[in-house]
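# Chains, contacts and geometry: an overview
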Amino acid sequence: MQKGRVVKLDRGYPLVRTESGALVRCEHATALVKGEEVRAVIGDFVDVAVPEGHDKGIIDGIRPRTRAFVRKDPTERALPQVLAANFDRVLVAQPLADVNVRRLERELVLAYETGAEVTVVLTKADLAEDEEHVAEVRDRVRALVGPDVQTLVVSENDPASIEAVRQLVPEGTVAVLIGKSGVGKSSMVNMLVGAAVQETTPVREDGKGRHTTVSREMVSVPGGGFIVDMPGVRGLGLWEADAGIGAAFSDVEELAEQCRFRDCRHVDEPGCAVRAAVEAGDLGEERYASYQALKQETHDLRERREEARRMRGEKASDSRKKSKPRKKR
Ligand code: GDP
Ligand code: ZN
């Protein structure tokens, strides 16, 4: 048995770098994936056996994760999907000239929820009209993310801006990069590495139907640690996100503490400090709306998970009923 780390997912097969430095394509041990589906993701530390005469290694165990990037599985009703594990920083990329605030808020919630350091990277700064435009967007984003989160401005043709990103990925650390496809993530990774290690794709003029690479890879940054580009992160449905929402909307949650009712929904309750702030113009209507929508999303998901649990529970008791009727409570 050897220890190793998943450095790439290759059409579903984890590629593991073992302690001895070998790269081994792996499958999961049956015992690991039976019942509860546990699969190794990029960044996972694993135990690997390479049976003699086998071309693939067998992942026998996954070490507990210090961090995980989790979203709701886009293909399932109420299951989590882990996209990466054991990283130190999340870099949230948005195009400077076309920041999508709603998406940024969601990305920040997911990033904060991991407990990692968070940095916003505004890309393609060269597409801004002028310096004033750059400063205006940067200040707007800084106001949104608060003083604790660094906001960088980068451009492919400004090496100094890329160096600032390198400083955020020091040796021994791992950063994951999220953001809509086309924002320039691969280009940034290539600049950091100084070679074309990630395929970049020209954005189609209508902005639709681009094919992106689906493989996720831990790329070694010269003079630094590792960076994981997470392409194809299309749907970013929230999973557990209360802490993430609390961090991304600390302004709203501070107001909520002043509401008269502890379980205030901030809709039409008397003494609602959140609504009062909206009426007074201290809290933007749109920010209020996205807070409410994200809260609702986690609420709905919780209900679905409860329901799924009840269904499983009922099935189990159904089979028990046959042999031994349950006592009335
Ligand atoms: P990804 O999908 O996030 O990995 O985005 P890519 O790195 O593939 O970039 C998408 C498109 O944006 C490509 O055509 C790049 O050449 C272009 N691009 C990337 N970075 C920059 C930049 O700093 N400035 C400009 N003008 N274009 C860029
Ligand atoms: Zn309220």
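Rules used throughout
Residues numbered from 1 in each chain as written. Chains lettered and ligands numbered in written order. Predicted model: local features only at pLDDT ≥ 70, side-chain atom pairs only at ≥ 80, totals over all residues. Heavy atoms only, no water. Donors = N, O, S within 2.8 Å, 3.2 Å for Na, K, Ca; no water. Tetrahedral: all angles 85-135°; square planar, octahedral: opposite > 155°, others 65-115°. Buried < 20%, exposed > 50% of the residue type's maximum accessible area, 1.4 Å probe, protein only. Helix = DSSP H or I, 4+ residues; strand = E, 2+ residues; numbered from the N terminus. Pairing = 2+ DSSP bridges. Phe/Tyr/Trp six-rings, centres within 6.5 Å; stacked < 30°, edge-to-face > 60°. Lys NZ or Arg CZ within 6 Å of the ring centre and 35° of its normal. Axes fitted to C-alpha atoms, helices over the stretch in contact; angles between N-to-C directions. Parallel < 35°, antiparallel > 145°, perpendicular 65-115°, else oblique. Contact = heavy atoms within 4.5 Å. Nonpolar A, V, L, I, M, F, W, Y, C, P; charged D, E, K, R; others polar. Salt bridge = Lys/Arg side-chain N within 4 Å of Asp/Glu carboxyl O. pLDDT = per-residue confidence, 0-100. Arc of directions from axis to C-beta.

So, about the coordination of the zinc ion (ligand 2). Every protein donor of the zinc ion (ligand 2) is listed here as Cys259 (SG), Cys264 (SG), His266 (ND1) and Cys272 (SG), and their distances to the metal cover 2.1 to 2.4 Å. Classification of the site at the zinc ion (ligand 2) as tetrahedral follows from its four donor atoms and the range of 104 to 117° in their angles at the metal.

In this section: the pairing of strand E3 (residues 23-28). What you see with E3 is a clean split: Val24, Cys26 and His28 sit on the buried side and Leu23, Arg25 and Glu27 on the side with no burial. When strand E2 (residues 13-18) meets E3, the two strands line up antiparallel, connected through three bridges. Each residue of the ladder has a partner; that of arginine 17, found in E3, is leucine 23. Hairpin connection of E2 to E3: four residues between the antiparallel strands, including glycine 21 at a positive phi of 95°. Here E3 runs beside strand E5 (residues 57-62); their pairing, made up of three bridges, is parallel.

Moving on: unusual backbone geometry. One non-glycine residue, asparagine 86, adopts positive backbone phi at about 60°. Its place among the elements puts asparagine 86 in the loop between strand E7 (80-85) and strand E8 (89-95). Positive phi, close to 55°, is recorded for lysine 124, a residue that is not glycine. The residue lysine 124 is located in the loop between strand E9 (117-123) and helix H3 (131-145) in this model.

Okay, the packing of aromatic side chains next. If you walk through the whole model with that rule in mind, you get one aromatic pair. The ring of tyrosine 13 has lysine 56 sitting right over it, with the charged end atom 4.9 Å from the ring centre. Between the NZ or CZ atom of arginine 275 and the centre of the ring of tyrosine 288, over which it lies, the distance is 4.7 Å.

Looking now at the packing of helix H4 (residues 159-167) against helix H5 (residues 185-193). In contact at an axis separation of 10 Å, H4 and H5 are set at 85° when each is read in the N-to-C sense. On the basis of the axis angle, H4 is roughly perpendicular to H5. Facing H4, whose interface residues are Ile162, Val165 and Arg166, H5 presents Met188, Met191 and Leu192. Of the residues assigned to the contact of H4 with H5, the class counts are five nonpolar, no polar and one charged.

Moving on, we get to the environment of valine 118. By the element assignment, valine 118 lies in strand E9. With a relative accessible area of 6%, valine 118 lands in the buried category. C-alpha separation for the pair valine 118 and aspartate 148, spaced 30 residues apart in sequence, amounts to 8.9 Å. Each residue touching valine 118, except ones within four places of it in the same chain, is listed here: Arg89, Val90, Val92, Leu108, Ala111, Tyr112, Val149 and Gln150.

Turning our attention to the pattern of salt bridges. One pass over the full model with this rule turns up 21 salt bridges. For glutamate 286, the salt bridge goes to arginine 102, with nearest N and O atoms at 3.3 Å. Taken together, the residues span a long stretch of sequence, with glutamate 286 in helix H9 (residues 285-323) and arginine 102 in helix H2 (residues 101-113) at a distance of 184 residues. Taking relative accessible area as the criterion, glutamate 286 reaches 56% and is therefore assigned exposed. With a closest N to O distance of 3.6 Å, arginine 275 and glutamate 285 form a salt bridge. You can see arginine 275 sitting in helix H8 (residues 273-279) and its partner glutamate 285 sitting in helix H9, a full 10 residues away along the chain. For glutamate 285, a relative accessible area of 49% translates into the label partly exposed. Bridged by salt links that share partners, the residues Arg102, Glu105, Asp251, Glu286 and Arg287 form one connected network.

Per-residue pLDDT for the chain averages 87, and the proportion of residues at 70 or more is 87%. For residues 204-213, every residue scores under 50 in pLDDT, and the model assigns this stretch 15 contacts once sequence neighbours within four places are set aside. When the criterion is pLDDT under 50, residues 316-329 qualifies, and its contacts beyond four places in sequence or with other chains add up to one contact.

With that out of the way, let us pick up H5. Counting buried positions along H5 gives eight out of nine residues, so the element sits mostly inside the fold. Where H5 is buried, its residues touch E8, E9, H4, strand E11 (174-178), strand E12 (216-220) and strand E13 (226-229). Positive backbone phi, approximately 80°, marks glycine 194, located one or two places after H5.

Now for H4. Along H4, the residues classified as buried are Ser161, Ile162, Val165 and Arg166. Down the axis of H4, the buried set is contained in an arc of 155°. They therefore lie on one face. Structural note: H4 exposes Ala160 and Gln167 on the side pointing more than 90 degrees away from its buried face. Next to the buried residues of H4 lie E8, strand E10 (150-153) and H5.

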